[in-house]
Amino acid sequence: MWCAAQASRLYPIQRKEFPENLDKVVKRSDYPAVDVIICTADPTREPPMSVVNTALSVMAYDYPTEKLSVYVSDDGGSALTLFAFMEAAKFAAHWLPFCRENNIVQRNPESYFESNYSSSSEAVEIIKVLLANNRSKDVTGNFMPNLIYVSREKSSTSHHHFKAGALNVLLRVSAVMTNAPIILTLDCDMYSNDPQTLLRVLCYYSDPEIRSKYSYVQFPQHFHGINKNDIYACQFKRLFVIQPMGFDGLGGSNNVGTNLFFSRRAFFGSPSNFISPEIPELSPDHLVDKPIQSPEVLALAYHVAGCNYENQTPWGYRASVSGECPISLVDLLTQQKRWAVGDFDVAFSKYSPMIYGIRRLGLLMTLLYSQYAFWPIWSIPITTYAFLPQLALINQVRVFPKVSEPWFLLYPFLFLGAYWQDYFDFVSANGTFQMWWNDQRIWTIRGLTSLWFGSLEFLLKSLGILTHDFSLTSKVVDDEQSKRYDQGIFDFGVPSPMFVPLTMAALINLVSFIMGLAEVVKSSNLEGLLIQMFIAGFGVVNCWPIYEAMVFRKDKGKLPTKITLTAAFLTWALYIAASFIFK
Ligand SMILES: O=c1ccn([C@@H]2O[C@H](COP(=O)(O)OP(=O)(O)O[C@H]3O[C@H](CO)[C@@H](O)[C@H](O)[C@H]3O)[C@@H](O)[C@H]2O)c(=O)[nH]1
Ligand SMILES: [Mn+2]
């Protein structure tokens, strides 16, 4: 895995756009149209207010409004979400000119909706045009972007493929309604933070050197509300900042699931090989010459959105690798468990980088993609290092060279080399020491928890024992929880089975360190067990928040007693088993 990652160091590229120069290459009237696709799935875990915010933030882009269309996919088919959007459409008429005139970048319209909210339970329409840019004007008389709400038809007989399915439906619906050559995909927890974003994207699309080579422009995921030292390592500096530059130099960025500007043409094969869609209206060259609310256009949109449409067509499942910002440990681990499953889905599919990728992308790019696809195998070395040297130490069995042996030097060299390099990368990407420390801790936690559970889930799913499930990352904030997060305190709270191996590792490291120390004092045999003592000690320092959560804390986020007891019992069993093996 380490070797594979080194491919990202060979040709890093850092890019910068100059939107102020755009006028020199493309006239404003020639700007391409843009279709924005936003997905939401559940109004209780993803408050409609925040989805509305996402939509409003992109509708206010500094871009000709007649070229902008926003499509919202609601997998929850929720009357509440639809209602929020109907209100948002009215609100936008006031809000968009307000932003334009006052140069506002972001505004939270929450209070506006609070006073207007009433719940309704009527059946939700599947496709609803809320704003049409040839018809709807804002309060200053300017036309507004298109705003289209789509709730997918679900069927018990065909699989709806979660977010990937939603994206596919919106891709087709947008094709028959507006067919913009550029498509932005956004998760409902993302907001536009810069009204100039589209102009920046145009810089890439107007650059003749890049235009034909790349199928998408990936903007990194940035999160607001991360606590001071980023205890859950949610910035994913390696994934979103450091490695993408390396990817770029080798031929293109990794798709991180959201904030992607696609060229629609890219969905139809390589520049030299055009794959025709099953109906001509889905073709990227198809010109939509009727207004979006016309009966013909709507009828076709309904047709391509239907849940049976995909049968007997090549529309399939697409998986992606990427990140978001949860504020409790269980949310974090669940999210990363889902990624682990998704990674193995790719690694062991016919699109595996090892088989499919290597023929098309070359060795270096294959290596880079592989370390993502095979991400869950990190669990093997991490778990080994969390238990094996410690169990051996307890039994006074030496597994590393003595200080006096020449091979001893290899270990401090590897440890310091790897950690120093990692630290250096991290601070070069504007990280602090504490952030880095938390990042490496989360790396080990992940290796003991999500990656195992994800691998297991993948296995059970492959054997047909389990069906796939997309557990949404919660976007609802619990006050107490967010207070703990702000204070940088780990939030356990729920008795998740994923906490068991983690707690076991914490216990084994502590026990072995204490027993090792006792042995050293008794027989002054530090020479042989030094490396093991160091690893256990390092483990103990890393596990500090777990001991606190186990013993000292009384708040709701402490480690549930049930988990502590289960882990203690299993640790004891492991201890007994190990003493048989090592004796
Ligand atoms: O059946 C579903 C399930 C999810 N979603 C949407 O998918 C998006 C991502 O879901 P979220 O719960 O926010 O997942 P995160 O873990 O926060 O997202 C990260 O991980 C995902 C892959 O697991 C990527 O797709 C995302 O882009 C990436 O930010 C959200 O907009 C959801 O509304 C659907 O539309 N339909
Ligand atoms: Mn998310």
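Just so we're clear, the structure is a prediction, and the values are computed from it rather than from any experiment.

Analysis parameters
- Residues numbered from 1 in each chain as written.
- Chains lettered and ligands numbered in written order.
- Predicted model: local features only at pLDDT ≥ 70, side-chain atom pairs only at ≥ 80, totals over all residues.
- Heavy atoms only, no water.
- Pairing = 2+ DSSP bridges.
- Helix = DSSP H or I, 4+ residues; strand = E, 2+ residues; numbered from the N terminus.
- Axes fitted to C-alpha atoms, helices over the stretch in contact; angles between N-to-C directions.
- Contact = heavy atoms within 4.5 Å.
- Salt bridge = Lys/Arg side-chain N within 4 Å of Asp/Glu carboxyl O.
- Buried < 20%, exposed > 50% of the residue type's maximum accessible area, 1.4 Å probe, protein only.
- UniProt positions renumbered as here; feature names shortened; annotations may be inferred.

Novice: Describe the sheet that holds strand β1 (residues 34–40), naming the residues involved and giving the relevant values.
Specialist: Taken in spatial order, the seven strands of this open sheet run β3-β4-β2-β1-β5-β7-β6, and their pairing is mixed. Strand pairing shows two members of the sheet lacking a second neighbour, β3 (127–131) and β6 (216–218), which therefore form its edges. With direction set aside, neighbouring strand axes in the sheet form an average angle of 20 degrees. Here five bridges tie strand β2 (residues 68–74) to strand β4 (residues 146–150), and the two strands are oriented parallel to one another. Looking across to β4, one finds that valine 72 is bridged to tyrosine 149. Packing of helix α6 (residues 197–205) onto the sheet brings it into contact with β1, β2, β5 (182–187), β6 and β7 (260–263), and relative to β7 it is tilted by some 40 degrees.

Novice: Can you explain the pattern of salt bridges? Please cite residues and give values.
Specialist: When charged atoms on two side chains of opposite charge get close, those side chains can pair. Applying the stated criterion across every chain, the model contains 20 salt bridges. Here arginine 264 and aspartate 35 are joined by a salt bridge, their closest N and O atoms 2.8 Å apart. Taken together, the residues span a long stretch of sequence, with arginine 264 in the loop between β7 and α9 (295–305) and aspartate 35 in strand β1 at a distance of 229 residues. Each member of the pair arginine 264 and aspartate 35 is classed as buried. In this structure, the salt-bridge partner of arginine 45 is aspartate 331, at a minimum N-O distance of 3.9 Å. With arginine 45 in the loop between β1 and α2 (48–59) and aspartate 331 in helix α10 (residues 329–347), this pair connects stretches of sequence that are 286 residues apart. Overall, the relative accessible area of 31% leaves arginine 45 in the partly exposed class. For aspartate 331, a relative accessible area of 18% corresponds to the buried category. Ionic contacts of the salt-bridge type, sharing partners, join the residues Glu480, Arg484, Asp491, Arg553, Asp555 and Lys556 into one network.

Novice: Can you break down the side chain of asparagine 542 residue by residue, with the values?
Specialist: With respect to the helices and strands, asparagine 542 occurs in helix α18 (residues 526–542). In this view, asparagine 542 contacts Trp437, Gln440 and Arg441; residues no more than four positions away in its chain are not counted.

Novice: Before we move on, could you go through the UniProt feature "binding site: Mn(2+)" (unreviewed entry) in the chain and cite the residues and values that matter?
Specialist: Mapped onto the present numbering, the UniProt feature "binding site: Mn(2+)" (unreviewed entry) falls on Lys163 and Asp187. In summary, the annotated positions, though distributed over 25 residues, converge in three dimensions, the widest C-alpha pair being only 9.3 Å. With respect to the helices and strands, lysine 163 occurs in helix α5 (residues 162–177). Among the secondary structure elements, aspartate 187 is positioned in strand β5. Residue aspartate 187 is classed as buried on the basis of its relative accessible area, which comes to 19%.

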